[in-house]
There are 2 protein chains.
Amino acid sequence: MPEDGYTVGGLARLAGVTVRTLHHYDDVGLLVPSRRTATGYRLYDAADADRLTRILYYRDLGFGLDDVAALLDGDTDPADHLRTQHRLLTERRDRVQELVTAIERELEAHMSGIRLTPEEQLEIFGERWDPAYRTEAEERWGDTDAWAQSQERTRSWTKADWEQVKERTDAMDELLAEAFVAGVQPGSVRADELAEAHRAELNRFYDADHAMHRGVVGFTTGDERFRARYESLAPGLSDWLRAVVEANADRHA
Amino acid sequence: MPEDGYTVGGLARLAGVTVRTLHHYDDVGLLVPSRRTATGYRLYDAADADRLTRILYYRDLGFGLDDVAALLDGDTDPADHLRTQHRLLTERRDRVQELVTAIERELEAHMSGIRLTPEEQLEIFGERWDPAYRTEAEERWGDTDAWAQSQERTRSWTKADWEQVKERTDAMDELLAEAFVAGVQPGSVRADELAEAHRAELNRFYDADHAMHRGVVGFTTGDERFRARYESLAPGLSDWLRAVVEANADRHA
DNA sequence: GGTTGACCCTCACGCGACGTGAGGCCTCAC
DNA sequence: GTGAGGCCTCACGTCGCGTGAGGGTCAACC
């Protein structure tokens, strides 16, 4: 900290804002520098910088400048602002996590070849947002952060890679349909081979052990539209796939 | 979904936006409803709703409407948008987590009676932000989410509660200073009693086992300003406190 | 002590993303 | 057929700055 306080430019650089922004905050009385030089230069001291810090957090949280002014000029103890901002920021982080989960749900649907209804897609932006959804991904995926793994592994994938995966998935589905039609029984050697092949496909994205494999397939075959996709390949396929995967998982338990 | 598509109001309610917003998106060509009734009513179909979903995510991420239009009208495959939005949202979530960590750092400093410099406070908003900071809290606090615990426990605290804690902390510090001046040796019975009392204070906020106690004290007594606070009570107190806590932690290892 | 370049000042207009009516038509249930 | 609620199109207002314009200041170096 310079001995006589910060100039506009100096403080602006520190805070990652423009000089114009500090001018504006001065104009509207939100952050008036505690001193000016004889020639009219603004000088900000440590208390000004502290106030600016609070302002920037509240602004980031979406408060209007007059709301921020009202908050900061209220008779609250400084630590109250820290606690308030901590609470609001954690809420915001959780909200963003919900958006992430919602996107994962869409991606999952897309990769499974099913379409979400507009209601499902827009649910998260709607008014009464059910917090039960918040934990849905956890329940579905178990403890591990499968999606983080998936994202990590597919970060550098090109469109061609994705298309290849889609092709392989389609091929896998056909293989399953053929086996089902041919009368392969869940628990048989051939069925277990197919279950492992199916699990191997999932492992392109994340580490799926047998318990997780059971969970994922249980979830997807419970979805009407996913069932529709499998049923269109061969009626009864989705229930059969579930049975195959469960028998295989039991054998590895 | 209504058979003939959504009206403005219907879609607006679903998406948690105002009718005016949809009108605006129509005006600027960002989201033009696929149909109109004979009397001029806007009708949005599922594809429109899907486009709106993408728009809302991008908008939430801070893109301008024309940027969003450019993105959506580019020749990208739909899944690319999902992947892009997933990546941007996780980055955003991590950024908010950094803000949370920064506030925790401020709270911690405040409760320890030390003041951060403006540089330290504003660092997170500055230009070149060191991602090493991102993991600082983890290293300091270990595996457990101590701050979440702390927040949980202190959620309903009143200002009086906080003042009481401050008083108790000050009293604790004086007790420590007296023992130090009286020549109490680290590792002695009395010193271990004091270490446990100090740990008990921390337990008002979160579960601190002996390893964590060692970590927290090691960190704080490494900070110049924290040392200054302790040194002003009694020269040598901070190093002594660290020795006392480490001896106690060793004995419980 | 003059010049140069980076800073600082005060107007003042512009803009993006809607908010907020105004004035009027449509639809549907009673 | 009538009232309530929803829809339409203007059109001006607002908020948080961006972006110059025109001009003074400061520190350094010639």
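Given the structure is predicted, the values throughout are model-derived calculations rather than measurements.

Looking at this structure, how should I read the overall build of chain A?
Along chain A, the regular secondary structure elements total 13 helices and two strands. Scored against the burial criterion, the 253 residues of chain A give a buried share of 44%. Once local pairs closer than 6 in sequence are excluded, the contacts in chain A between residues at least 24 apart make up 62%. A total of about 12900 Å² of accessible surface is found on chain A, and carbon and sulfur atoms cover 51% of it.

Explain the relation of the copies chain B and chain A to me, please; I cannot follow it from the model alone.
Here the two chain copies are tied together by a rotation about an axis and a shift along that axis. In the superposition of chain B on chain A (RMSD 0.1 Å, axial shift 0.0 Å), the rotation amounts to 180°. Overall, the copies show the geometry of a two-fold rotation axis. Taking the C-alpha atom as reference, chain B places B:R93 closest to the rotation axis, 2.7 Å from it. Most of the interface of chain B is mirrored in chain A, where 98% of its interface residues are also at the interface.

It is not clear to me how the interface of chain B and chain A should be interpreted in this structure. Could you clarify?
Interface size is commonly expressed as the accessible surface area that is lost when the partners come together. At the junction of the two partners, chain B supplies 50 residues and chain A supplies 49 residues. Both sides of the chain B and chain A interface together cover about 4800 Å² of buried area, and 64% of this is carbon and sulfur. Where B:E106 meets A:R54, a salt bridge forms, and the shortest distance between an N and an O atom there is 2.4 Å. The interface formed by chain B and chain A includes ten residue pairs in polar contact (both at pLDDT 80 or more). Elements with a minimum of two residues in the side of chain B that touches chain A: α1 (8-15), α3 (46-60), α5 (78-111), α6 (118-122), α8 (146-154) and α9 (159-181) of chain B. For the side of chain B that touches chain A, a count of residues per class yields 25 nonpolar, ten polar and 15 charged.

Sorry, what's going on with the protein's contact with DNA strand C here?
The immediate surroundings of DNA strand C are formed by 19 residues, with A:H23, A:R42, B:R20, B:Y25 and B:L65 found nearest. The contact atoms of DNA strand C, taken as those within 4 Å of the protein, divide so that sugar and phosphate hold 75%. Contacts to DNA strand C include A:T7, whose side-chain N or O atom sits 2.9 Å from a phosphate oxygen. B:T18 is positioned such that a nitrogen or oxygen atom in its side chain is 2.8 Å from a phosphate oxygen of DNA strand C. It is helix α2 (residues 19-27) of chain B that contributes the most residues to the surface near DNA strand C, four residues altogether.

Sorry, what's going on with the pattern of salt bridges here?
Close approach of charged atoms allows side chains of opposite charge to pair. Scanning the model with the defined rule gives 25 salt bridges over all chains in all. The salt bridge involving B:R36 is made with B:D26; its shortest N-O contact spans 3.1 Å. Here B:D26 lies in helix α2 and B:R36 lies in strand β1 (residues 35-36), a separation of ten residues in the sequence. What emerges from the salt-bridge pattern is a single network uniting A:D26, A:R36 and A:R42.

What is the right way to look at helix α1 (residues 8-15) of chain A in this model?
An α-helix turns once per 3.6 residues; consequently, residues spaced three or four apart project the same way. Where burial is concerned, most of α1(A) is hidden: six out of the eight residues are buried. Of all the positions in α1(A), only A:V8, A:G10, A:L11, A:A12, A:L14 and A:A15 are classed as buried. In this fold, the buried residues of α1(A) make contact with α2 (19-27), β2 (42-43) and α3 (46-60) of chain A together with α6 of chain B. A:G16, located one to two residues past α1(A), shows a positive phi value of around 70°.

What should I look at first to understand the protein's contact with DNA strand D in this one?
Taken together, 19 residues lie around DNA strand D, and A:T18, A:L65, B:H23, B:Y41 and B:R42 are the ones closest in. Here DNA strand D approaches the protein such that, of its atoms within 4 Å, sugar and phosphate make up 68%. Between a phosphate oxygen of DNA strand D and a main-chain N or O atom of A:L65, the distance comes to 2.7 Å. Within the backbone of B:G9, one N or O atom sits 3.0 Å away from a phosphate oxygen of DNA strand D. Elements represented by at least two residues in the surface near DNA strand D include exactly α2 of chain A together with α1 and α2 of chain B. Tallying contributions element by element places α2(A) first for the surface near DNA strand D, with four residues.

Explanation requested: the packing of aromatic side chains in the structure shown.
Each aromatic ring pair is characterised by the separation of its centres together with the angle its planes make. Scanning all chains against the criterion turns up four aromatic pairs over all chains. Ring geometry for A:F125 against B:Y57: centres 4.9 Å apart, planes inclined by 70°, an arrangement best described as edge-to-face. Of this pair, A:F125 sits in the loop between α6 (118-122) and α7 (136-141) while B:Y57 is found in helix α3, placing the two residues in two different chains. Residue class for A:F125 comes out buried when judged on its relative accessible area of 11%. You can call B:Y57 buried: its relative accessible area is 1%. Considering the side-chain rings of B:Y58 and B:F63, the 5.4 Å spacing of their centres and the 85° angle between planes classify their relative orientation as edge-to-face.

What is the right way to look at the side chain of B:R42 in this model?
All names here are of chain B. Within the fold, R42 resides in strand β2 (residues 42-43). Residue R42 is classed as buried on the basis of its relative accessible area of 16%. At 3.3 Å, the side chain of R42 forms a polar contact with the side chain of H23. In terms of polar contacts, R42 uses its side chain to reach the side chain of D26, at 2.5 Å.

Procedures and definitions
- Residues numbered from 1 in each chain as written.
- Chains lettered and ligands numbered in written order.
- Predicted model: local features only at pLDDT ≥ 70, side-chain atom pairs only at ≥ 80, totals over all residues.
- Heavy atoms only, no water.
- Helix = DSSP H or I, 4+ residues; strand = E, 2+ residues; numbered from the N terminus.
- Buried < 20%, exposed > 50% of the residue type's maximum accessible area, 1.4 Å probe, protein only.
- Contact = heavy atoms within 4.5 Å.
- Areas by Shrake-Rupley, 256 points an atom, 1.4 Å probe, with all protein chains shown as cover.
- Least-squares fit on C-alpha atoms with pLDDT ≥ 70 in both.
- Buried area = accessible area lost by both parts, 1.4 Å probe.
- Salt bridge = Lys/Arg side-chain N within 4 Å of Asp/Glu carboxyl O.
- Polar contact = N/O pair within 3.5 Å; in protein donor to acceptor, adjacent residues only side chain to side chain.
- Nonpolar A, V, L, I, M, F, W, Y, C, P; charged D, E, K, R; others polar.
- Near = heavy atom within 4 Å.
- Phe/Tyr/Trp six-rings, centres within 6.5 Å; stacked < 30°, edge-to-face > 60°.

That is the geometry; function is a separate question.
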